[in-house]
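The chain contents come next:
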Amino acid sequence: KTGKSNLDILKPAKPQEQSGTTLQVSQITLANLKLNYNDFKNNFKVNSRVRKVELDGNFAAADFKLKGKGGFFIEQIATSENVFAANKQIDASILLNIKQSWKEIYIEDGTLSIEKNPFKLNGNFKFHKDKTTIAFGASAAGNNIADLIALLPPNLRKTLEAVKGNGAFEINATINGN
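Residues numbered from 1 in each chain as written. Predicted model: local features only at pLDDT ≥ 70, side-chain atom pairs only at ≥ 80, totals over all residues. Heavy atoms only, no water.

(A) Summary view of the overall build of the protein chain. Within the protein chain, the regular secondary structure consists of two helices and eight strands. Among the 178 residues that make up the protein chain, the fraction classed as buried is 26%. The long-range fraction of contacts in the protein chain, counting pairs at least 24 apart against all pairs at least 6 apart in sequence, stands at 47%. Split by element, the accessible area of the protein chain, about 12400 Å² in all, is 54% carbon and sulfur. (Helix = DSSP H or I, 4+ residues; strand = E, 2+ residues; numbered from the N terminus. Buried < 20%, exposed > 50% of the residue type's maximum accessible area, 1.4 Å probe, protein only. Contact = heavy atoms within 4.5 Å. Areas by Shrake-Rupley, 256 points an atom, 1.4 Å probe, with all protein chains shown as cover.)

(B) Quick peek at the packing of aromatic side chains. Taken as a whole and assessed by the stated rule, the structure comprises three aromatic pairs. Taken together, a centroid distance of 6.4 Å and an interplanar angle of 65° make the contact between Tyr37 and Phe44 edge-to-face. Judged by its relative accessible area of 35%, Tyr37 is partly exposed. Of the residues examined, Phe44 reaches a relative accessible area of 27% and is grouped as partly exposed. (Phe/Tyr/Trp six-rings, centres within 6.5 Å; stacked < 30°, edge-to-face > 60°.)

(C) Up close: unusual backbone geometry. Despite not being glycine, Asn32 has its phi angle at roughly 50°, a positive value. Along the chain, Asn32 turns up in strand β1 (residues 27-39). Judged by relative accessible area, which is 72%, Asn32 ranks as exposed. Even without glycine at this site, Asn43 takes up a positive phi of about 55°. As for its position among the elements, Asn43 is in the loop between β1 and β2 (44-56). Residue Asn43 is classed as partly exposed on the basis of its relative accessible area, which comes to 41%.

(D) Looking closely at the pairing of strand β4 (residues 83-99). Pairing geometry for strand β3 (residues 63-79) and β4, over 15 bridges, is antiparallel. The partner of Gln76 across the bridge, within β4, is Ala86. Connecting β3 to the next strand, β4, in antiparallel fashion are three residues. The hairpin turn running from β4 into strand β5 (residues 104-114), its antiparallel successor, is four residues long, and Lys103 in that turn takes a positive phi close to 55°. (Pairing = 2+ DSSP bridges.)

(E) Representation of the sheet that holds β2. Strand order in the open sheet made by the eight strands is β1-β2-β3-β4-β5-β6-β7-β8, with antiparallel pairing throughout. Each edge of the sheet is formed by a strand with only one pairing partner; in this case those strands are β1 and β8 (169-177). Looking at each pair of strands side by side, their axes are set apart by 20° on average, direction ignored. Sheet analysis places β5 next to strand β6 (residues 117-127), joined by nine bridges and oriented antiparallel. For Tyr106, the partnering residue across the bridge sits in β6 and is Asn124. (Axes fitted to C-alpha atoms, helices over the stretch in contact; angles between N-to-C directions.)

Set out below in structure tokens:
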């Protein structure tokens, strides 16, 4: 492995000459934006459309809280072998603690709703010179397991077509790694 992680988006500030004008950004709104990510090396892609996302924070500070809220549409998350998600409406509300001085991002509070099914988010991302360390969690609960099954990738949903049943569900997922 050579180079930096694809998730290493925090860059150290470069010394700059002082000028008479300073731009302080505290709010960013993204609307009607097509957002694609292609990792050709690992054959992984994400195709999505941002409907409207509002980001609030002191973007000029090295350490700040970033509040985000909005909606987007996942057209596809896939590898060459599998489609993990397709045609899903996503609504998000998140509060991040961004520590550029430590190269870390903490999820202080977060909810991600997939097709109106809310998932509570937690975790952190640490950006090291050679790697990114991820400790991420998501949890959800509901009264209708059919709602959860509808969120599964098409190939997994197909294997469950013959299963009959109803009832509540609770799910806790974690991702830890480099």
